[in-house]
Amino acid sequence: MTSSPSETETTIHPLQEFADEVAGAVGGEAEITFDTVKVRVSPDQWVSALTTARDDLGLVFFSFLSAVDWSAEVEVGDPPGEGVEERFEMLAAVGDLGAGRRVIFTTDLPKDSPVIPSLVDVYSGANWHEREAHEMFGIDFDGHPDLAHLYLPDSFVGNPLRKSYPLLSREVKPWPGTVDVEAMPGGGDETDETSEGPSEENPEA
Amino acid sequence: MVLDQDLVRHLAESSVSVELETEDMTLNIGPQHPSTHGVLRLVARVDGERAFDVHPVIGYMHRGYEKLSEVRTYPQITALVNRIDWVSGYANEVPFIVAAEKLMEIEVPERAQYIRLILTEMARISSHLVFMASYPLELGAATPLFFALRERERVLDLLEGVTGGRFHPNFNRIGGVKPAYGSGSSTRKVIQDLPAGFLAETRDAMDKVTVVVDEINSLVAGNEIILARTKGIGVLPPEVAASYGVSGPNLRASGVKFDLRKVEDYLPYHLFDFEVPVGENGDCWDRWHVRLLEIRQSVRIIQQAIDGIPSGPLQAKVPKVIKVPKGETYVRAENPKGEMGYYLVSNGGQGPYRLKIRSASFSNISILPWILEGVLVPDIIAIMGSLDFVLGDVDR
Amino acid sequence: MGFLTDLFSNFWVSLAGKLLLVGLMIPLVGLVIGFAELKLSAKMQARIGPYFAGGRWGWAQLIADGVKFFQKEDLIPAEADKPVFKIAPILVLVSTVGLLVVIPFGPGLIFRDLSVGVFYALAISSLSTIGILMAGWSSANKYSLMGGLRAAGQLIAYELPLVLAVVGAVILAGTMSMAGIVEAQISSGYPYVIFQFLGFGVFMIAALAELTRIPFDMPIAESELVMGYLTEYSGFRFLFFFLAEFANMFSLSAIAVTLFLGGYWLPGISEDVLAWAGPVILMAKAFLLVFIMIWFRWTFPRFREDQLQSLSWKILVPIALANIAITAVFKVVF
């Protein structure tokens, strides 16, 4: 389990206990990344994990469902760097309505045939989110009542959010990489090193 | 003649009714429509006055923010992101910037946090005033529109005075808020703080906002017709709301006392004393009433923030070229429309590897097929208006 | 003076004069009330209203609008039923003009004093219902038809309270002639609203519904109906409907004033002063009621169609019937 780099080995993250509780209940692996609890499960545990989360852990609020396309070669933006495993990482964020605890359940799907059972019977809100993930990533949701296009026109071909899908405007003008820093009008760069505030006394007080 | 038992049973069981062949009409509400808050299309089958099988068709405003943000640097995305929910422009930027700052582990100076909080609450007041203006108009009352928008102008003027933009402030920078530079040759390097008189004018504007909210309340609250049009209409049970992901005032109107400002730490709300208004029945009236009460609470927060604002720098020290180290995080905030969150996956580059934008209105209107089932046609407008969504937020 | 009375004692001359006067009244009243609506609604909404047309007051705004409407192209939808489409606005306007005929503007100042004045007024005001139905049907537009049918349903539903409300005043006066009712109020010394407040209230609400004004404008302002039965009308045909609505506001208010508020009479004013002050007093009272109608329009939202119908059938009709019963009992007993 990783924790924020600034913590020493002896301090326990305040969310650790909760993360362990969730991981234990669903049979997954917990990770705390920058104050966010992520619990990794396998694809066949997907529905049961979220059902447990809803029924036993009180995480009744459905936040979002989406995916991340991890690819070594990308058409847009910068590649992820060395040693990344090519996969679709599914994300389902749920939370409770009391203390505001939240968990992002995640699972990995293979790139060539991403299929995962649908969550519409567990959380009704998953309906639209899965439609969006389907049209944007090409992920197939087993058991979804109607995987029609949500945002894109019905005749649209392709999955725009895949890293292999180019951004047409960038075909014309290449990705600037590290040199896209323009000076702001009025002299200073907003990313200037010096950022001293005004004098101590509050002029408005 | 004695009727045998089978025949009697058959006659008793068969329903002898003439089925009137009535065709139901498919009604298309939108995408151009005064009441749909933008380009939303509802395809409804209407039988007489009742609507069945309502399908929202969205995507007319899809701008591809998530794909775009993969090719933008963080300051550029700040400019993009406040166009998601354009009515409350400033509030969209904050969770994104906080997410980036979390990954960079930057501590934002207190004064900047207070300024962010004040501007976010002003954005909330602005958004709810638009609701106060447009919802009675959809029911037929034309006058609250003018009162609410007139006071909103004050708030927008204040926002413009500080940030330079009424709707799209683009005021956040990684590490704080944007310090203003002078424009003359001698003042170019002098960093200016908030404009002179801003805090005093804000106090004044908050008083006026309180007055107009009371006026609109008196105009609307006791009105029999408004009560008849909104009480008991569009009841949303809390379990259904939670399952669909409905958040914000819509969820609180159903009786769930849950406000992200109280449980998340993206801004220092724990320093201020404010209540979370909750409704009883989850009908349209409660959704109206909760937003009205929220304006009053926002005024309260702003007044406390103005009284306690500390002095100090406006932005932490950040490197010249911003590169956010590798990591992932999800930061969510209480936007005026509901829960707005950013799931930021960073690779160490100048822009995100993946930015998932969780927008409030998208989940809020996913409930439309459920809530509009079997509803009278005029009530469709009343219910949709009470959900208070913005198409930019839905379609991203 | 002798010459004029001789001239006007000729039937045809006086007929022509009356027609001219009635014909002029409609646009004039419509203009004045329309302008009042624009300015009053602006004041209620913290705006200024018409400002540029005709000096700082903007008094020429509606005149300019009238000219604009007249010079527009006459658009008739291809599928529309042309004769019906053309007649509909005229029918609505005719019913408005017909109403003005029986309003007593002063002692003896009435276009035609029918002995069944009240009956005639109510009958002719319901002609506009047919006009609206014709407009909705002939527009060859699904939504206009829906609006027209909804309007017809609403107008028929509210005819009944309208009629029942005036019965109380008729019982008290003992006559159906409009001039007779005013004279009865003069001789009894008090306007009938003092005892007929229920009838007055029901009449005003029903009048608002007859005019399809907010809070009863579901047929027009329904979300999917654009302008309801008025959708396909433009140019001077729309102007007819528009003027008819404002003139109808005046007519119905004038009838309410005549039946309930004492007409052209104010207590303490002698008969010969009333000869010239009568019209002024009547106009003033009628405009007061018109002001209230405008006030309601910009304050209230609109009723849903079923709420509107239940208001009429379940609330207004029983109140009006109770009013008749009570009035009759009182008339007999006292």
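Here, residues in each chain are numbered from 1, in the same order as that chain's written sequence. Going through the entries in the order they are written, you letter the chains from A and number the ligands from 1. Residue-level local features of this predicted model are given only where pLDDT is at least 70; pairs of side-chain atoms are given and counted only at 80 or more, and the full residue set underlies all totals for whole chains, interfaces and linings.

Caption draft 1: Inspection of the overall build of chain A at higher detail. Helix and strand assignments follow DSSP, with helices taken as H or I runs no shorter than four residues and strands as E runs no shorter than two, numbered in order from the N terminus. Within chain A, the secondary structure is distributed over four helices and seven strands. N-terminal to C-terminal, the α/β element order of chain A is α-β-β-α-β-β-β-β-α-β-α. Of all 205 residues assigned to chain A, the portion counted as buried reaches 36%. Once C-beta atoms are placed from the backbone, any two residues with those atoms within 7 Å are in contact. The long-range fraction of contacts in chain A, counting pairs at least 24 apart against all pairs at least 6 apart in sequence, stands at 54%. Here the C-beta atoms are placed from the backbone, and a residue counts as buried if at least 20 other C-beta atoms lie within 10 Å of its own, exposed if 12 or fewer do, and partly exposed otherwise.

Caption draft 2: Looking closely at the overall build of chain B. Along its length, chain B carries 16 helices and 11 strands. The burial tally for chain B puts 58% of its 396 residues in the buried class. Sequence separation of at least 24 residues holds for 72% of the intrachain contacts in chain B that already meet a minimum separation of 6.

Caption draft 3: Broad picture of helix H6 (residues 143–163) of chain B. Any helix carries an expected span of 1.5 Å times its number of residues minus one. Its 21 residues place the ends of H6(B) 30 Å apart at the C-alpha level, agreeing with the 30 Å of an ideal helix rising 1.5 Å per residue. Of all the positions in H6(B), only B:Thr143, B:Pro144, B:Phe147, B:Ala148, B:Glu151, B:Arg152, B:Arg154, B:Val155, B:Leu158, B:Leu159, B:Val162 and B:Thr163 are classed as buried. Contact partners of the buried residues in H6(B): helix H4 (89–104), helix H5 (110–139) and helix H7 (198–220) of chain B together with helix H2 (11–44) and helix H12 (271–299) of chain C. Taken from the residues just after H6(B), B:Gly164 is the one with a positive phi, measuring 90°.

Caption draft 4: Expanded view of the pairing of strand E8 (residues 327–335) of chain B. Residues and elements named next belong to chain B. Extensive coverage of E8 is indicated by the burial of nine of its nine residues. Taking every second residue as pointing to the same face, both faces of E8 are buried, with Gly327, Thr329, Val331, Ala333 and Asn335 on one and Glu328, Tyr330, Arg332 and Glu334 on the other. By the convention used here, strands pair only if DSSP detects at least 2 bridges between them. Hairpin remark: E8 followed by strand E9 (residues 338–346), antiparallel, with two residues in the connecting loop.

Caption draft 5: How the structure looks around the interface of chain C and chain B. Counting residues at the interface gives 19 residues for chain C and 20 residues for chain B. Elements supplying a minimum of two residues to the side of chain C that touches chain B: H12 and helix H13 (305–333) of chain C. Here the nonpolar group is Ala, Val, Leu, Ile, Met, Phe, Trp, Tyr, Cys and Pro; Asp, Glu, Lys and Arg are the charged ones; every other residue, Gly included, is treated as polar. A class-by-class count of the residues in the side of chain C that touches chain B yields nine nonpolar, four polar and six charged.

Caption draft 6: A look at the confidence of the model for chain A. Residue and element names in this part refer to chain A. A score between 0 and 100, pLDDT records how confident the predictor is in each residue. Put simply, chain A has an average pLDDT of 77, and 79% of its residues get 70 or more. Low confidence marks residues 1–8, where pLDDT is under 50. Its contacts with residues over four positions away, or in another chain, come to 10 contacts. Ignoring residues within four places in sequence, the model shows residues 186–205, a span with pLDDT below 50, making 48 contacts including any to other chains.

Caption draft 7: Region of the structure containing unusual backbone geometry. One non-glycine residue with positive phi stands out, namely B:Glu105, at about 55°. Of note, B:Glu105 is situated in the loop between H4 and H5. When the 12 C-beta atoms within 10 Å are taken as the criterion, B:Glu105 is described as exposed. Even without being glycine, C:Ala46 reaches a positive phi, approximately 60°.

Caption draft 8: Representation of helix H7 (residues 142–173) of chain C within the structure. Between its terminal C-alpha atoms H7(C) stretches 47 Å, which fits the 46 Å expected from 32 residues at 1.5 Å a residue. Following H7(C) by one or two positions, C:Gly174 adopts a phi angle in the positive range, close to 85°.

Caption draft 9: Structural context of the pairing of strand E2 (residues 41–47) of chain B. All names here are of chain B. Two strands pair when backbone bridges link them, and E2 and strand E3 (residues 50–57) are joined in this way by six bridges, in the antiparallel orientation. Note on E3: the bridge partner recorded for Val43 is His55. The antiparallel hairpin formed by E2 and E3 contains two residues in its connecting segment, where Gly48 sits at a positive phi of about 70°.

Caption draft 10: Representation of the packing of H7(B) against helix H12 (residues 284–308) of chain B within the structure. All names here are of chain B. In this analysis, axes come from line fits to C-alpha atoms, helices being fitted only over the stretch in contact, and the angle between any two N-to-C directions falls in the range 0 to 180 degrees. Running from N to C, H7 and H12 point in directions that differ by 160°, and their axes come no closer than 10 Å. Our classification of the angle between H7 and H12 gives roughly antiparallel. Pair H7 / H12 crosses with left-handed handedness. Taken together, the residues of H12 that come into contact with H7 (itself represented by Leu199, Thr202, Arg203, Met206, Val209, Thr210, Val213 and Asn217) are Leu292, Ile295, Arg296, Val299, Ile302, Gln303 and Ile306. Classifying every residue of the contact of H7 with H12 by side-chain character gives nine nonpolar, four polar and two charged. For classification, angles of less than 35 degrees are called roughly parallel, those exceeding 145 degrees roughly antiparallel, those between 65 and 115 degrees roughly perpendicular, and all remaining angles oblique. Crossings are sorted by hand: turned counterclockwise from the far helix by less than a right angle, the near helix makes the crossing left-handed, and turned clockwise it makes it right-handed.

Caption draft 11: How the structure looks around the nonpolar core. Only buried residues count toward a nonpolar core: Ala, Val, Leu, Ile, Met, Phe, Trp, Tyr and Cys, linked into one set through C-beta atoms within 7 Å. Ranked by size, the top nonpolar core spans 253 residues in total, and within it A:Ala92, B:Ala100, C:Phe203, C:Ala206 and C:Ala256 carry the most contacts. The biggest single contributor to this core is helix H11 (residues 235–260) of chain C, with 17 residues. Each residue touching B:Ala100, except ones within four places of it in the same chain, is listed here: B:Tyr74, B:Ile174, B:Val324 and B:Leu344.

Caption draft 12: Molecular detail of the environment of B:Ala112. Residue and element names in this part refer to chain B. Secondary-structure assignment places Ala112 in helix H5. When the 23 C-beta atoms within 10 Å are taken as the criterion, Ala112 is described as buried. Note: C-alpha distance between Ala112 and Gly312 (200 residues apart in sequence) is 8.2 Å. Ignoring sequence-local partners within four residues, the contact set of Ala112 consists of Gly176, Val177, Leu314 and Gln315.

Caption draft 13: Representation of the packing of H7(C) against helix H9 (residues 197–210) of chain C in the model. Residue and element names in this part refer to chain C. Orientation of H7 relative to H9, taken along the N-to-C sense of each, is 155°, at an axis distance of 8 Å. If you check the angle between H7 and H9, you find them roughly antiparallel. In this structure, H7 meets H9 at a crossing whose hand is left-handed. On the side of H7, the interface is formed by Gln154, Leu155, Tyr158, Pro161, Leu162, Ala165, Val166, Gly168 and Ala169, while H9 contributes Gly199, Val202, Phe203, Ala206, Ala207, Ala209 and Glu210. Looking at side-chain class alone, the contact of H7 with H9 contains 12 nonpolar, three polar and one charged residues.

Caption draft 14: Expanded view of the sheet that holds E9(B). Residue and element names in this part refer to chain B. As summarised here, the arrangement of the three strands in space is E8-E9-E10, forming an open sheet in which the pairing is antiparallel. Of all the strands in the sheet, just E8 and strand E10 (354–358) have a single pairing partner and so form its edges. The mean angle between the axes of side-by-side strands here comes to 10°, regardless of whether they run parallel or antiparallel. Where E9 meets E10, five bridges bridge the pair, whose relative direction is antiparallel.

Caption draft 15: Molecular detail of the confidence of the model for chain B. With 88% of its residues at a pLDDT of at least 70, chain B reaches an overall mean of 84. Every residue in residues 15–21 of chain B is under pLDDT 50, and counting partners more than four places away or in other chains gives zero contacts.

Caption draft 16: Representation of the environment of C:Trp298. Residue and element names in this part refer to chain C. Within the secondary structure, Trp298 sits in helix H12. On the basis of neighbour count, Trp298 is assigned to the partly exposed category, with 18 C-beta atoms found within 10 Å. Spatially, the C-alpha atom of Trp298 lies 28 Å from that of Phe70, the residues being 228 residues apart in sequence.

Caption draft 17: Region of interest: the sheet that holds strand E4 (residues 87–95) of chain A. Residues and elements named next belong to chain A. Taken in spatial order, the five strands line up as E1-E2-E5-E4-E3 in an open sheet, and their pairing is mixed. A strand with exactly one partner marks an edge of an open sheet, and here the two such strands are strand E1 (29–33) and strand E3 (61–70). Pairs of neighbouring strands in the sheet enclose a mean axial angle of 25°, with direction left out of account. In this structure, strand E2 (residues 36–40) lies alongside strand E5 (residues 102–109), joined through four bridges in parallel fashion. Its bridge partner being in E5, Lys38 is matched across the sheet by Ile104. On top of the sheet, helix H1 (residues 16–26) reaches E1, E2 and E5; it is set at about 150° to E1, its chief contact. Sitting on the sheet, helix H2 (residues 46–55) touches E4 and E5, and the angle it makes with E5 is about 175°.

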